[in-house]
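An overview of the molecular structure
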Amino acid sequence: GAGVSQSPSNKVTEKGKDVELRCDPISGHTALYWYRQSLGQGLEFLIYFQGNSAPDKSGLPSDRFSAERTGGSVSTLTIQRTQQEDSAVYLCASSSGTVNSPLHFGNGTRLTVT
Amino acid sequence: QKEVEQDPGPLSVPEGAIVSLNCTYSNSAFQYFMWYRQYSRKGPELLMYTYSSGNKEDGRFTAQVDKSSKYISLFIRDSQPSDSATYLCAKGGSGGSNYKLTFGKGTLLTVNP
């Protein structure tokens, strides 16, 4: 079956512009995550959605970052007024939502801020 | 101290070698651990997970957890060039944040034919 789909796969933007990254999780998965992977920094948790519960936004690095999940499926991560330090790979993952269920990752969006 | 520490390598071995990848963690409340493999320009894919101390085997891969020393390992037997990738260890969250995985920085492995 289809895995987690992310778009675009690459995005180059100028400093100060806004960007939107999209994630389409595996059908039926109720949990959705965004992680950021920077060179030499590993995967950094950003935000978690589970069903209709309030999201865990504790990993968002600043108020320029926001995310939403519409209809319990597709999610969009928005970065406003991008900065060079926002350059990274943004990974989306989904899971069945049961305790300790494994995460299934997409291939990420590679964001470059010039 | 970071919650999960992983030697970034890089690690280069000849084909057929036994590979040992290691991580340490700092919080004994953690209950489950995972190993992910990430090929270049791809997302991480789950290799193995374990909830308890001891060994868990799957083909050429063995995951080992030592909770007394807070040490987790992944062994790869008869390594192949196709095993060349970055390997990420991860631990599950605890309590009300049991959904939140924390990852090590990853070890880059190259298996030379």
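Every chain is numbered on its own, with residues counted from 1 as its sequence reads. All chains are assigned letters beginning with A, and all ligands numbers beginning with 1, in the order in which they are written. In view of the model being predicted, local features appear only for residues whose pLDDT reaches at least 70, and side-chain atom pairs are presented and counted only at 80 or more, with totals across whole chains, interfaces and linings using the full set of residues. Computation of side-chain values: all heavy atoms of the structure, hydrogens and water removed.

A run of DSSP states H or I qualifies as a helix once it reaches four residues; a run of E qualifies as a strand once it reaches two. Both are numbered from the N-terminal end. Broken down by element type, chain A carries 0 helices and 10 strands. Its helices and strands taken in sequence order, chain A reads β-β-β-β-β-β-β-β-β-β from the N to the C terminus. Here the C-alpha radius of gyration of chain A, 13 Å, is about what a compact globule of 114 residues would show, namely 13 Å. Principal axes of the C-alpha set define a box for chain A whose edges measure 40 × 30 × 25 Å. Residue burial is assigned from relative accessible area. The probe radius is 1.4 Å, only protein chains are included, and a residue is buried under 20% of its type maximum, exposed over 50%, and partly exposed in between. Of all 114 residues assigned to chain A, the portion counted as buried reaches 49%. It only takes one pair of heavy atoms within 4.5 Å for two residues to be counted as in contact. Considering only intrachain contacts with a sequence separation of at least 6, the fraction spanning at least 24 residues in chain A is 54%. Radius of gyration means the value over C-alpha atoms here, while the globule rule gives 2.2 Å times the residue count to the 0.38 power.

Moving on, we come to the sheet that holds strand 6 (residues 54-58) of chain B. Residues and elements named next belong to chain B. The strand order across the open sheet formed by 5 strands is 1-3-8-7-6, and the pairing between neighbours is antiparallel. Here the strands that pair on one side only, and so sit at the sheet edges, are strand 1 (4-6) and strand 6. Each strand axis lies, on average, 20 degrees off the axis of its neighbour in the sheet, ignoring direction. The pairing criterion is simple: DSSP has to find at least two bridges between the two strands. Relative to strand 3 (residues 19-25), strand 1 is paired through 3 bridges, and the arrangement is antiparallel. Paired with V4 across the two strands is Y25, which belongs to strand 3. Angles run from 0 to 180 degrees between N-to-C directions of axes, and those axes are lines fitted to C-alpha atoms, restricted for helices to the stretch in contact.

This brings us to the interface of chain A and chain B. Contacts between chain A and chain B engage 22 residues on the former and 18 residues on the latter. A 1.4 Å probe defines the accessible area here, and the buried area is the portion of it lost by two parts on being joined, summed over both. Summed over both sides, the interface between chain A and chain B buries roughly 1,700 Å², with carbon and sulfur atoms accounting for 53% of that surface. Three residues, L43, N100 and N107 of chain A, lead the burial of chain A against chain B; their summed loss comes to 30% of the area buried on that side. Salt bridges, as used here, are contacts in which a Lys or Arg side-chain nitrogen is within 4 Å of a carboxyl oxygen on Asp or Glu. Connecting chain A to chain B are 1 salt bridge.

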